[in-house]
Amino acid sequence: MLTKIEEMYFRCKGGLLPSVSALLYCHLSYLGGLGLILSLHPVLMVIGTFALAHGMVIASYLIHECGHNTLFKSPRHNALLGSMLNWLTGGCYGTFKDLREKHMQHHVDNADVVEFDYRSYLARHPIQRKFVEVLEWLYVPAIELLMHAVLIFAPFIFREKKDQRLRTAQIILVRFSLLVMLFVYSPLAYLCYLIAYIIFLTILRFMDALQHNYDIIIGFDNDAELVKYRGDRDYEQAHTFSNPVSIKHPWLNLITLNFGYHNAHHSRPTTPWHELPKLHGALYGAQYESRLPFVIPFRKQLASFHKSRVARVMGDDREGRGNLFAHRLQSGSAVGASGVSFLTPF
């Protein structure tokens, strides 16, 4: 019976068990963590905060899978699940359709195209920039919080999204009402939720920051820039980097649903998350993994993330040219990018 269900609904053979397991874990971690912080028991609240955060992390990477239609055969089923999971991540203010289209553009155009250029905004507002840099120095993901705030108000900012205003207003009403109810129930439980959300955003931006040194293109009016590297597979692989949690212990990469095998993902974007380690080994030779120049050792990831946390606010455009970024990655001094999450499609 399970085999029949898998053949009918799931895109890949052998996909039922890992997909359902990830979904169950995601919901148990999120709902269980929420229950623990509502218990108001100090120890259970700490455990619940981390469980809640990781539930949101897995939800976000399952959304990524839905965007690539790797879970189900039907795009409609992938879109439905992706939209539902986005309520757990707080990214539901934007539509799944926008999220998917923006992420597909990232793959097709081999660039990070943004409608809201936070760097230019901060350059024009030095006091706000300083405030953001102080928060980032304190390891608060200020840029990601800013981008998620823009996501909430995007239909009221961008003319192209004005048809989403009623939908977004309704979602704001529902989610903010739930947050107010949580605060009234217990300010401490509300604080635990906020901490969990910050941990979640930090994990996502840690993974995003060093995976590419693509050009960042503002808006959609520069067609020459948009098509410059479109479909160029050599450029794509040369500007893509893999940041696994562990090379010696591959099971640890399940923490981010194997999202760190990023070169393999960009090589075949329709490969489901549970097949990425096998694909990585087939493409690049798993026995030589530690010697591959595009695989970043975890300690170097941590070093770059720590050293460049303030510089990353404005970025370093020089890293998009030549081998500077690759050399910096291997020395643990890369700057990387902020505000490029697939959850904020603008």
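Check the entry above for the structure.
Residues numbered from 1 in each chain as written. Predicted model: local features only at pLDDT ≥ 70, side-chain atom pairs only at ≥ 80, totals over all residues. Heavy atoms only, no water.

## Some remarks on the overall build of the chain
Here comes step 1: Per the secondary structure count, the chain includes 16 helices and two strands.
Here comes step 2: By its C-alpha atoms, the chain is 60 × 55 × 45 Å across when sized along the principal axes.
Here comes step 3: Sorting the 346 residues of the chain into buried and exposed places 52% on the buried side.
Here comes step 4: Intrachain contacts of the chain at a sequence separation of at least 6 include 70% that bridge at least 24 residues.
Here comes step 5: Roughly 16,800 Å² of accessible area belongs to the chain as shown, and the carbon and sulfur atoms make up 66% of that amount.
Here comes step 6: Charge-centre separation for the chain: the mean point of 34 positive side chains lies 4 Å from the mean point of 27 negative side chains. (Helix = DSSP H or I, 4+ residues; strand = E, 2+ residues; numbered from the N terminus. Buried < 20%, exposed > 50% of the residue type's maximum accessible area, 1.4 Å probe, protein only. Contact = heavy atoms within 4.5 Å. Areas by Shrake-Rupley, 256 points an atom, 1.4 Å probe, with all protein chains shown as cover. Lys, Arg positive; Asp, Glu negative; His and termini not counted. Charge placed at Lys NZ, Arg CZ, Asp CG, Glu CD.)

## Observations regarding the side chain of Thr-271
Here comes step 1: Residue position: Thr-271 is located in the loop between α13 (262-267) and α14 (276-284).
Here comes step 2: Excluding residues within four positions of it along the chain, Thr-271 makes contact with Glu-65, Thr-70, Leu-276 and Leu-279.

## A short note on helix α16 (residues 324-331)
Here comes step 1: By the burial criterion, the buried members of α16 are Phe-325, Arg-328 and Leu-329. The buried residues of α16 occupy an angular sector of 105° when the element is viewed end-on, so they sit on one face.
Here comes step 2: For α16, the elements touching its buried residues are α15 (298-307).
Here comes step 3: Note on α16: the residue one or two positions beyond its end, Gly-332, has a positive phi of about 75°. (Arc of directions from axis to C-beta.)

## Topic: the pattern of salt bridges
Here comes step 1: Taken as a whole and judged by the stated rule, the model has 10 salt bridges.
Here comes step 2: Here Arg-119 ties to Asp-317 by a salt bridge, and the two come within 3.5 Å at their closest N and O atoms. Of this pair, Arg-119 sits in helix α6 (residues 118-124) while Asp-317 sits in the loop between α15 and α16; the two residues are 198 residues apart in sequence, bridging distant segments of the chain.
Here comes step 3: Because the salt bridges share partners, they merge into one network encompassing Asp-316, Arg-318, Glu-319 and Arg-328. (Salt bridge = Lys/Arg side-chain N within 4 Å of Asp/Glu carboxyl O.)

## With respect to the packing of aromatic side chains
Each aromatic ring pair is described using two quantities: the centre-to-centre distance and the angle formed by the ring planes.
Here comes step 1: A full pass over the atoms with the stated rule returns 13 aromatic pairs.
Here comes step 2: On the numbers, 6.2 Å between centres and 45° between planes, the contact of Phe-116 with Tyr-121 is tilted.
Here comes step 3: Owing to a relative accessible area of 18%, Phe-116 belongs among the buried residues under this scheme.
Here comes step 4: Seen in terms of ring centroids, Tyr-214 and Tyr-235 are 6.0 Å apart; in terms of plane orientation they differ by 10°. Their pairing is stacked. Highlighted residues: Tyr-214 in the loop between α10 (187-209) and β2 (216-218) and Tyr-235 in helix α12 (residues 233-238), separated in sequence by 21 residues. The same class applies to Tyr-214 as to Tyr-235, namely buried.
Here comes step 5: The structure contains a cluster of three or more aromatic residues connected by ring pairs, namely Tyr-61, Phe-259 and Phe-342. (Phe/Tyr/Trp six-rings, centres within 6.5 Å; stacked < 30°, edge-to-face > 60°.)

## So, the environment of Phe-153
Here comes step 1: Assignment of secondary structure puts Phe-153 in helix α8 (residues 142-157).
Here comes step 2: Sequence separation of Phe-153 and Ile-247 is 94 residues, and the distance between their C-alpha atoms is 41 Å.

## Remarks on the packing of helix α2 (residues 16-38) against helix α3 (residues 42-67)
Each packed pair of helices is defined by two parameters, the angle between the axes and the distance between the axes.
Here comes step 1: At a minimum axis distance of 7 Å, the contact between α2 and α3 shows a crossing angle of 150°. The angle between the axes of α2 and α3 places the two elements in the roughly antiparallel class. As for the relative orientation of α2 and α3, their crossing is left-handed in sense.
Here comes step 2: Its residues assigned to classes, the contact of α2 with α3 comprises 17 nonpolar, six polar and no charged. (Axes fitted to C-alpha atoms, helices over the stretch in contact; angles between N-to-C directions. Parallel < 35°, antiparallel > 145°, perpendicular 65-115°, else oblique. Left-handed = near helix turned anticlockwise from the far one by under 90°. Nonpolar A, V, L, I, M, F, W, Y, C, P; charged D, E, K, R; others polar.)

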